[in-house]
Every structure is written in structure tokens, then in C-alpha cells.
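So you can see what is in the structure, the chains are spelled out below.
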Amino acid sequence: MRLAVLSGMLGTLLAAQGAAMAQMPQAQGPQLPEQDKVLARQLFKEFIEINSQDSNGSVTAVAEAARKELLKAGFAPEDLVLAGPTPLKQNLVVRYRGAAGSKLKPILIIGHIDVVEARREDWTTDPYQFVEKDGYFYGRGTQDMKDSDAIVVEAFIRMKREGWVPKRDIVLALTADEEGGKSNGVSWLLEHRPELMKAEFVLNPDAGGVGMRNGKVTSMGVEATEKTYADFKLTATNAGGHSSLPRPDNAIYELMHALDALESHPFPIELNPVTRAQLEEDAKIAEPARAKLIHGVLAQPMDEKAVAEFVTKPTDNALLRTTCVATMLSGGHAPNALPAMATANVNCRILPGHSQEQVRQELMKLFNDPKLKVEYVADDGTVSETAPNRESLAPPPPLPAVFVPLRAVAGKMWPGMPVQPTMEVGASDSIYTMQAGLPSYGVNGVAIDEGDERMHGRDERLKVESFYRGSEFYYLFLMELTKP
Ligand SMILES: [Zn+2]
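Residues numbered from 1 in each chain as written. Predicted model: local features only at pLDDT ≥ 70, side-chain atom pairs only at ≥ 80, totals over all residues.

K.L.:
Tell me about the nonpolar core, and name the residues and values.
P.N.:
If you look at the biggest cluster of nonpolar residues, it comprises 84 residues, and the most contacted ones within it are F44, L108, I109, F156, V171, L172 and A173. At nine residues, helix α14 (residues 464-482) tops the list of elements feeding residues into this core. When residues no more than four places from it in sequence are discounted, the contact partners of V171 are V93, V94, R95, P106, L108, I109 and A199. Grouped together as the second largest cluster of nonpolar side chains are 20 residues, F232, A251, V346 and L363 included. (Core = buried A, V, L, I, M, F, W, Y, C linked by C-beta atoms within 7 Å. Buried ≥ 20, exposed ≤ 12 C-beta atoms within 10 Å, placed from the backbone. Helix = DSSP H or I, 4+ residues; strand = E, 2+ residues; numbered from the N terminus. Contact = placed C-beta atoms within 7 Å.)

K.L.:
Quick rundown of the sheet that holds strand β17 (residues 383-384)? Include the residues and the values.
P.N.:
The antiparallel open sheet is built from five strands, whose spatial order is β13-β15-β11-β16-β17. Each edge of the open sheet carries a strand with a single partner, namely β13 (323-331) and β17. In the sheet, strand β16 (residues 373-377) pairs with β17 via two bridges, with the strands oriented antiparallel. Considered in β17, the bridge of Y376 is made with S384. Helix α6 (residues 251-264) rests against β11 (228-237), β13 and β15 (341-350) of the sheet, and its axis sits at about 15° to β15. Lying on the sheet, helix α11 (residues 356-367) is in contact with β11, β13, β15 and β16; it crosses β16 at an angle near 160°. (Pairing = 2+ DSSP bridges. Axes fitted to C-alpha atoms, helices over the stretch in contact; angles between N-to-C directions.)

K.L.:
Provide a residue-level description of the pairing of strand β7 (residues 170-175), including the pertinent values.
P.N.:
Among the six residues that make up β7, six are buried, leaving the element largely enclosed by the rest of the structure. Residues I170, L172 and L174 of β7 are buried on one face, and the alternating residues V171, A173 and T175, pointing to the opposite face, are buried as well. Two elements, strand β3 (residues 91-96) and β7, share five bridges in a ladder whose sense is antiparallel. Residue pairing in the sheet places V93 in a bridge with A173 of β7. Sheet topology places strand β4 (residues 107-112) next to β7; six bridges connect them, and they run parallel. Among the inter-strand pairings, H112 is bridged to a residue of β7, identified as T175.

K.L.:
Lay out helix α2 (residues 34-48) in plain terms, naming residues and giving numbers.
P.N.:
A rise of 1.5 Å per residue sets the reference length of α2, with its 15 residues, at 21 Å; its end C-alpha atoms lie 21 Å apart and thus fit the reference within 8%. The complete set of buried residues in α2 reads L39, A40, L43, F44, F47 and I48. In an axial view of α2, the angular spread of the buried residues amounts to 160°, which keeps them on one side of the axis. Exposed residues lying more than 90 degrees from the buried face of α2 are E34, Q35 and V38. Of the surrounding secondary structure, the elements contacted by the buried residues of α2 are α3 (59-72), β6 (136-138), α4 (146-161) and α14. (Expected span 1.5 Å × (residues − 1). Arc of directions from axis to C-beta.)

K.L.:
Please set out the domain arrangement of the protein chain residue by residue, giving values where relevant.
P.N.:
Domain boundaries in the protein chain define domain 1 (5-226 + 392-482), domain 2 (228-267 + 322-350 + 354-384) and domain 3 (272-311). Computed from C-alpha coordinates alone, the two centres of domain 2 and domain 3 are separated by 34 Å. (Domains from an automatic or database assignment.)

K.L.:
Any details on the environment of N56? Residues and values, ideally.
P.N.:
Structurally, N56 can be placed in the loop between α2 and α3. The exposure class assigned to N56 is exposed, which follows from the 9 C-beta atoms found within 10 Å.

Have a look at this one:
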């Protein structure tokens, strides 16, 4: 999943205000050298043309292609580790060695190399053909996220060629099954090869991003924390019986009462250092009415009236609280029988600092019905009585070690563009690294035009210029992060 929604929102505000501060054409600033354009494009093409969707593709084939290119560029075989649970789900962990004797912990970059399923008949072009047309690259994964996979591999090769010695190791993990499948590579590596994943902090180009309108960049969102995803299965069961003799213990009604309670009792409002920083930045550029609302939300104690108005917008609501919503429903077995069973799926997006089990307990308290089962549904569909106690840590304030170099490079590439820390209300693989206690940041320099977000969709494409600009950005960012 690659989401740049929040930076898009920020862009909308800028436009609404008619602010000219950040409306930079993206072609200004440092440019990717010709030699690196050729290499970046070749890597991108190679990755796109390997089908790595879960149903009939191979993640391993992408990992092996990247490994071959890095070997050719002079990386040592022992610094290119293939590891994973099955032959088709091998992850590649690349280590770019830092200065000898450095005591600094590595920087870890994670990038998934699987893609969302794409069917030839839905597309104008073949999704597994890399097509350049009208200033765009087309193909499955051009936005999510083989663009960034190619960009980071290219930056590694370029730094190696230039003889760059970073002050600490930079590790790149190219991984399986972010989009689906049963072998999530980040989770697997953290569990089975933790020595490869040791780091001070994590960069994940799958989140965050540069917002653009009509070819002009508006802002950069940097994901600094995210919500946790959880599904819960609600099951009401009872004796059932003949529908001519209704009884009070109807499974459908029982379930309905629980869902009714869910609808009318939202989770409490809560801010953390990242959402606070996000709203502070937001208030600076919002139109006056919205800025006033935001100040009410940020006030201590909060201005309840401002909060009530603020959360009427779904994106703002999702920023301030854990949300749980019914997403699937089934019940009954015949038109003339009392239902003996009714089930619902409740999908929750949990604020950092709270565990899935904690939310399950809160739901049970809310439903106040000991006969109603509330079970946890894992990503692979397994249903269990209790949920994991894991939680993503309540985020620390955004790390200066990341944001100072980031602002310096972003300012060079796109002078005047705001850089805003954000909480992602969706989910990415950063959730695993955050749960492992590693501060994780979604940093991405690829600009996507508002309205042209095609990740997971048909005819996925990326502006050619955005790809090369994003390549130059990541190279400069990695250099700035690791200069002596
Ligand atoms: Zn993704």
C-alpha cells in the first residue's frame, strides 16, 4: 500500500488558500545524471516485468534480479542474503558497509517487492510489460512500489561506484507479501533473522510521499507513525426455531444490538506527538476557519465544541481516535426459520499505544453481552479467542536525525515545499518494525499528481520525470544521512 493521501489533503488546503509558497515546478533543483537515468530505468523495467503477485508470481525472482545487479556492481555475496520461508517468497537483505569501526547502528530501509494482483483484461496495456507512453511509465508496481525498490537499488549502485563510505551500515530489505499472501517478509525476517534487521531507525518508501497538482509539488508527507489494523469476528448463536414463534433471543437481533452500540459509542479522542506535530503544521497553512478548529483541538484542555465539529470529517476523525466499523454481515439459514447464528466482521484501526487485545476487551465491555463471541481474525484468516497483545509504541516526537537531513535535501530539491510528519491511518509494513521498537518513517520523493493515485488499480502509472526526481532525491537523502 502506498498512501500519500495526507500530503494530498495538505495540497488542497494550499490551493484553497491560493498560497504560492510551495507551487514549485518539479523540474528545478538537482537532476539525476544520464548514466543513472539509464540504470534506474533498466532496474525499474526489470522489476516491473517480473510478475510478483501472490497467486501466480514469484517474489524470489525479483529478489534474485536485484541480487544479480548488486553483485555486478561490486557488492560482496555475503552482503546479499536471500532468506525466506518458501521457494517463491525469498527476501533479499542487502548490506552497504559503513566506515570500519563505526559504533553507529545501521539504517534499515524496507521495500516490498510483491504487487497487488493485476489482470490483463482489466488493463489497456499488459500490466507485466514496462511501457513508456506520453511521459509515463505503465505497469503493475509503477506506483506501489517497484519504483522505490528500483530507486534505492540504483542509489546503492551509484554510491558504490562513487566510492561512498557511509558513517554507518545501510541495510536494504526487499521483502515479500505486503499486499497479501501468508509470508510477510518484514515480519518473517524480524522473527527468523533479527541479526539482519538491527537498526537505529527504519525508512519505508511505501508510505509518505510528495503531493503534486498540475505538475507542481505541494508538500511532502512523512509517515512517522501509523495505526494498527485488526479484524474482529462477532458471533451470536442461540437455539433458533420456527419463524411462526418468534422469541426474544434472536441471533440477528442480538448482533444488531451490539452493532448499534458500536455505532453510537466512538472511541475516545487522543493525540500523540506525531498527530500533534501534524496538526500544528496543518494549522499554519489552513484557511482561517479550519486553523481555528485545529487550535481548539490542540488546546489543553481541548475545546470540546471544536473537536465535535472537527471530527465530522472522516479523515480528521480517523486522525484523532481508534475507529471500529462493521464491514461484513451474515446470518440465518432459511426464510422461515429463526436465525441460530449471525456474524459480523468489525474492522478496527487502532491508535499507536494500544494493543489489539485491549481493543477487543473494550468492544466486549461496550457490547455488554456475555453470550456474544468477540474473536480476533488474523491476516491469514485464522480466528482465535484472544488478540495479540502487541502494540505499536506510542510514537516519540519525530527524530531530528531523520528530519534535519530530510528537510535539507527536500529544500534543495523543492525549495519552499513544506515537510510534514504524519500518522498514517492505513497500514504498511512499518507496523512490524514499529512493533519491534524501531522508529520508522515513511519517506518517499516520488511525486504523484492529485487524482492520479493508481496504486492497486488498473493502468497503474508513474510520471517519468517523477521517477527520476525521486531517484535523485533518495540518493541525496541517503548521502546526507550518512555523511561523516
Ligand atoms: Zn505498497
